[in-house]
Amino acid sequence: MSALSEKFNEYLKKMQYYEHANTLIYWDMKTGAPKRGLEALEDVTAYFSTESFALSTSDELGQMLSGLSQPEEFEQLDDTMKFIVTKMKEDYDRDKRIPADFYEEYVRTVTASENAWVDAKQNNDFASFAPHLEKVITATRKMTSYTDPDKEVYEALLDEYEKGMDSATIDKLFDRMKEELIPLVKKISEAEKPDDSAFKSYYDPDAQRKVQKMLLEYIGFDFARGNVAESEHPFTLNFSSKDVRVTNHYKEDDAIDAMFTAIHEGGHAIFEQNVNPEYDGTVAGSCRYMGVHESQSRFYENILGRNRNFWVPIYGKLGELLPQFKQISLDDFERQINNVRSSFIRCSADELTYCFHIIIRYEIEKAIFRDNVPVSELPKLWNSKMEEYLGITPDSDTDGILQDTHWADGSFGYFPSYLLGTIYDGMYLEAVEKELGPVDRLLADGKIKDITKWLNEKIHRYGSTRTPAEVIRNVCGREVSAEPIIKFFKEKYSRLYNL
Ligand code: ZN
């Protein structure tokens, strides 16, 4: 190893330690720290973030990356190091193009907007949030003019969350979904609804915690390399492949919500636990492509978890932990966990109508950045799209355009990745069935870990080293397509609703 490589490795370690400390503080802030302790933690995390940022933008790092990119140094690196140097140089050059004073202004704009959003949502007051949203949009445009000067704004935003993805491809995918799934949702809305009265009950949170543990173990979450806690909004956090943590929240009148949260976050976590450990703490590890990440959580949650056969080997155990389920047949349970109905809130939507919650947000993002639709007109646009796709209009902006924090915090371009994840899932399902046989049978036979192993080998181990398009090509042998998931939805719901 050259002297420069050695020095670079030491530097990477230092960066990793700061990052680790920061992640740990974040975890503590979200899951355990007492209210009065939060202020001190905010100071600590601000310190570590600033140090971390300084390390990742220092001249010293810039010089090392330039040096390592020279052919005589670069050719000596192994493939992993080549990836790390190339990616870090890309990130470094990009960050360096952002003027420091603009960056500060951007952070201030976003923070003010997030605070204004909390009040606006609570008071159903879009007008008070509108000027902030306008400022965030302007700041976002300016930001991309530095980070991606050669790209059209919205293309740059999409690329940030799902590398290589573009609006022409997404348009095609989403248009196909609209064409096929709007009539399907309509048919379902006219069909007979399942009776959910048997599910109304008090569910002991302690018992729900045990169910979460049972489910995580069942799908392949490794408790030697992860643990669980509680937080208001569930999330997954990873330090390295050896330490990945998930959170959950428990409702006393609904046990199903936490079960599927457990499976969803478990899917994210199993991904991170199985990334090649050689990538730990570097840009090659922890998958940075949001669509690919979401494809894993949603594969477990929806493709596997909402399949009746997933529950066949463990439904008895569920009844032991939560006796209410002893009184409910597995058929009724299956219908309940696949209960499709149009609703206002994305986070609690079923897997089918969920698609439209995303399509609406994607189309509005395009309206903002491409068609320059004024902010004041967005609530009307939101409501008309809800009506067009789901046949319902929210009574308030709180249940409409104000429900998510993503735009308030400047995460434009992020929403489509949720639905891209679902589209990828249809393709993985086809591939897994071709290679391992029918998923129904694997699940009914209790062989879910065979599927986990397959995902480990095909997707998880590569971390960030394969772009989304490379993942799809390698796993499925073809370009991304919405047809498999459309077929899956049509068959599944035609059966469940006797259409
Ligand atoms: Zn997720």
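Remember, it's a predicted structure, so these values are computed and weren't measured experimentally.

Where helix α1 (residues 3-31) contacts helix α5 (residues 79-96), the axes come no closer than 13 Å and their chain directions differ by 65 degrees. On the basis of the axis angle, α1 is roughly perpendicular to α5. Classified by chirality, the crossing of α5 by α1 is left-handed. Contact residues: α1 offers Phe8, Asn9, Leu12 and Met15, while α5 offers Met81, Ile84, Val85 and Met88. The residue makeup of the contact of α1 with α5, split by class, is seven nonpolar, one polar and no charged.

Turning our eyes to something else, we now look at the coordination of the zinc ion. At this site the zinc ion is bound by His264 (NE2), His268 (NE2), Glu294 (OE) and Glu294 (OE), with donor distances of 2.1 to 2.7 Å. Coordination at the zinc ion is irregular, judged from the four donor atoms that bind it and the angles of 49 to 127 degrees they form at the metal. Look at Glu294 and you get buried, because its relative accessible area is 7%.

Right, let's talk about the side chain of Thr247 for a bit. Inspection of the secondary structure assignment puts Thr247 in strand β3 (residues 243-248). A polar contact is formed between the side chain of Thr247 and the side chain of Ser231, at a distance of 2.7 Å. Reaching out from Thr247, the side chain makes a polar contact with the backbone nitrogen of Phe235 at a distance of 2.9 Å. Beyond its immediate chain neighbours, meaning those up to four positions away, Thr247 contacts Trp27, Thr31, Ala229, Glu230, Ser231, His233, Pro234, Phe235, Thr261 and Glu265.

This next bit is on the environment of Val244. Structurally, Val244 can be placed in strand β3. Here Val244 is in contact with Phe221, Arg225, Gly226, Asn227, Thr236, Leu237, Asn238, Ala269, Glu272 and Gln273, once residues within four sequence places are set aside.

This part takes up the nonpolar core. The biggest cluster of nonpolar side chains holds 138 residues, and the ones touching the most others in it are Phe8, Met177, Met259, Phe310, Trp311, Phe325 and Phe333. Contact partners of Phe8, with chain neighbours within four places excluded, come to Leu61, Met64, Leu65, Leu68, Met81, Ile84, Val85 and Met88. With six residues, the next largest nonpolar core counts Ile98, Phe102, Tyr106 and Val110 among its residues.

Taken in spatial order, the three strands of this open sheet run β1-β3-β2, and their pairing is mixed. Taken across any chain shown, the strands that pair with only one partner, and hence form the sheet edges, are β1 (226-230) and β2 (236-240). If you compare each strand with its neighbour and ignore which way they point, the axes differ by 20 degrees on average. Pairing geometry for β2 and β3, over four bridges, is antiparallel.

Criteria and cut-off values
Residues numbered from 1 in each chain as written. Predicted model: local features only at pLDDT ≥ 70, side-chain atom pairs only at ≥ 80, totals over all residues. Heavy atoms only, no water. Axes fitted to C-alpha atoms, helices over the stretch in contact; angles between N-to-C directions. Helix = DSSP H or I, 4+ residues; strand = E, 2+ residues; numbered from the N terminus. Parallel < 35°, antiparallel > 145°, perpendicular 65-115°, else oblique. Left-handed = near helix turned anticlockwise from the far one by under 90°. Contact = heavy atoms within 4.5 Å. Nonpolar A, V, L, I, M, F, W, Y, C, P; charged D, E, K, R; others polar. Donors = N, O, S within 2.8 Å, 3.2 Å for Na, K, Ca; no water. Tetrahedral: all angles 85-135°; square planar, octahedral: opposite > 155°, others 65-115°. Buried < 20%, exposed > 50% of the residue type's maximum accessible area, 1.4 Å probe, protein only. Polar contact = N/O pair within 3.5 Å; in protein donor to acceptor, adjacent residues only side chain to side chain. Core = buried A, V, L, I, M, F, W, Y, C linked by side-chain atoms within 4.5 Å. Pairing = 2+ DSSP bridges.

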